[in-house]
Amino acid sequence: MSRIPSLRVFRHQGYRHYWFARQLISAERQMVAVAIGWQIYDLARETRSVEESAFLLGLVGLAQFLPVFFLSLVGGQAADRLNRKMILVASNLIRLLIIGVLFTASFYPAAVAIPAIFIAATLTGGVNAFTPAAANSLYPTLVPREDLPVAIVWNSLGFQTAAIFGPAIGGFLYIGGPQVVYATGAVLIAIAIASLWTAQTPAHVPNKQARGLKMVFEGLRYVRDNKVVLGSISLDLVVVFFGGVTALLPVFARDVLYIGTEGLGFLRAAPAIGAGLVALALAIKPFSRRVGFWMLSAIAVYGLAMLGFALSPYFWLSMIMLAITGAADMVSMYVRSSVMQLATPDGMRGRVSSVSFIFVSASNELGEFESGVAARFLGPVGAVLLGGVVSIVAAGAWIKLFPALARADRFEDTATIGQEKA
């Protein structure tokens, strides 16, 4: 048994360039997220209470979610009809302009900087409505089908590596001011664009059999009818919507654990450390049996660790709890991604990915809004406790609501099992 992940997928030039660009973009997003979170919370605390400032953090998540909600299905249709590589190049050029807005606004006081951050968050949401469907539809065409599970694991491993180092680097760079973080992010995006532009990708074959709303509804019907896919992505929606803690980390760093912006970077990196270790283990020895059991068990562990984080008075214990949440989420994500990629026809990948991303974005960005609202009325600790309880309850409830997911055994069987009635 090999003790290192297989490198065979990197013999494909297109995948190498795609993977490299993906990690740079992931690192940039993590760095910028640290800067935005600390900057807006710190500016808000000049005139607002902890609860009011936490609510403002939640509003940033809402600003990112609304464009995703309204445009993601359009983005999925675009990924099935247009050149996916060019969608990624164009969207990241727009992302580069958004970073320019953040960089410029960082030299101004709160009255200018806070509205500029909300404008940037809204524009970023619009970009995010198009990039996931294009990215998730492109990379399966860059490797042979037999290499796809390895590519999925390497994508996860690379993302978690970027998520570990991105926030930590962002936290330390913030010592020099938010403009230093934004300038560094701009350099990373520029390199990523060059890598995508030079990637050798197969000619895109658009789906010519359907147009407009018919294509959108086909993607919705597919997710509705495949109970394993529907169960896995809806479980992620509920758990991360209520159980996500990312938006509140600046609150814990500044006013609960008192660890500053450097500590915030480590808190944001902690889930990625746990997820990266699990991704490495999966790359070495992926599991292929009892996939439904592993996913539901991971969600229960996630909820327990979230309770531990909420009650922790120590920085080191908080780091451990967040690392466990990341490890558990990695198991869940691995099952969900494998099911979707292996069960979905190539001609529908863009639309199905866009439907999935609406769920993911709802759980992340809209979940940040929920966290802000909950923190406004329950306080930051109470908001996280609520999320932990909901996660544990959801893990049990989904066994009854989606028995096809609970009894799913092999990934290869999920396409046919998922078509059965729940």
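Residues numbered from 1 in each chain as written. Predicted model: local features only at pLDDT ≥ 70, side-chain atom pairs only at ≥ 80, totals over all residues. Heavy atoms only, no water.

Here we come to the overall build of the protein chain. Within the protein chain, the regular secondary structure consists of 16 helices and 0 strands. Here the protein chain holds 422 residues, and 59% of them are scored as buried. Counting only carbon and sulfur atoms, one obtains 69% of the accessible surface of the protein chain, whose full area is about 16,800 Å². (Helix = DSSP H or I, 4+ residues; strand = E, 2+ residues; numbered from the N terminus. Buried < 20%, exposed > 50% of the residue type's maximum accessible area, 1.4 Å probe, protein only. Areas by Shrake-Rupley, 256 points an atom, 1.4 Å probe, with all protein chains shown as cover.)

All right, on to a nonpolar patch on the surface then. A contiguous nonpolar surface patch, about 460 Å² in accessible area, is contributed by L66, F69, F70, L71 and V74. For L71, the position within the fold is in helix α2 (residues 50–81). Under the relative-accessibility criterion, L71 is labelled partly exposed at 31%. (Patch = residues over 30% accessible without salt bridge, like charges linked within 9 Å, V, L, I, M, F, W, Y side chains within 5 Å. Salt bridge = Lys/Arg side-chain N within 4 Å of Asp/Glu carboxyl O.)

Look at α2 against helix α4 (residues 110–128): their axes get within 7 Å of each other, and the N-to-C directions meet at 30°. Classed by the angle they form, the pair α2 and α4 counts as roughly parallel. Considering only the axes of α2 and α4, their crossing is right-handed. Residue-level contacts link L56, L59, V60, A63, Q64, P67, V68 and L71 of α2 to I114, F118, A121, T122, T124, G125, G126 and N128 of α4. Here the contact of α2 with α4 is built from residues that sort into 10 nonpolar, 6 polar and no charged. (Axes fitted to C-alpha atoms, helices over the stretch in contact; angles between N-to-C directions. Parallel < 35°, antiparallel > 145°, perpendicular 65-115°, else oblique. Left-handed = near helix turned anticlockwise from the far one by under 90°. Contact = heavy atoms within 4.5 Å. Nonpolar A, V, L, I, M, F, W, Y, C, P; charged D, E, K, R; others polar.)

Mapped onto the secondary structure, G326 falls in helix α13 (residues 315–343). Residues G326 and A269, spaced 57 residues apart in sequence, show a C-alpha to C-alpha distance of 9.5 Å. If sequence neighbours within four positions are ignored, G326 has contacts with P271, G274 and A275.

Now for the packing of aromatic side chains. For the structure shown, the criterion picks out 13 aromatic pairs. Ring plane angle 85° and centroid distance 6.2 Å describe the contact between W19 and W154, whose orientation is recorded as edge-to-face. Taken together, the residues span a long stretch of sequence, with W19 in helix α1 (residues 13–44) and W154 in helix α6 (residues 148–173) at a distance of 135 residues. Assessed through its relative accessible area of 19%, W19 is described here as buried. When the centroid spacing of 4.8 Å and the interplanar angle of 40° are considered together, the rings of F252 and F309 count as tilted. Separated by 57 residues along the polypeptide, F252 in helix α10 (residues 249–256) and F309 in helix α12 (residues 291–311) bring together distant segments of the chain. Classification of F309 as buried rests on a relative accessible area of 0%. Among the aromatic residues, those joined into a ring-pair cluster are F10, Y15, Y18, W19, Y139 and W154. (Phe/Tyr/Trp six-rings, centres within 6.5 Å; stacked < 30°, edge-to-face > 60°.)

The next point concerns the pattern of salt bridges. In total, this model carries 5 salt bridges according to the counting rule given. Here D42 ties to R254 by a salt bridge, and the two come within 3.3 Å at their closest N and O atoms. Highlighted residues: D42 in helix α1 and R254 in helix α10, separated in sequence by 212 residues. When its relative accessible area of 29% is taken as the criterion, D42 is described as partly exposed. Its relative accessible area of 27% is what places R254 among the partly exposed residues. Residue D255 is joined to R254 by a salt bridge in which the shortest nitrogen-to-oxygen separation is 3.5 Å.

For the protein chain, per-residue confidence averages 83 on the pLDDT scale, and 85% of positions sit at 70 or higher. Ranking the helices and strands of the protein chain by mean pLDDT puts helix α7 (residues 178–197) first, with 96, and helix α16 (residues 414–417) last, with 52. (pLDDT = per-residue confidence, 0-100.)

In this model helix α3 (residues 84–105) runs 32 Å from its N-terminal to its C-terminal C-alpha over 22 residues, within 8% of the 32 Å that 1.5 Å per residue would give. The set of residues buried in α3 consists of R84, K85, I87, L88, V89, S91, N92, R95, I98, I99, L102 and A105. N-capping of α3 is provided by N83, with a side-chain oxygen placed 3.0 Å from the backbone N of K85. (Expected span 1.5 Å × (residues − 1). Polar contact = N/O pair within 3.5 Å; in protein donor to acceptor, adjacent residues only side chain to side chain.)

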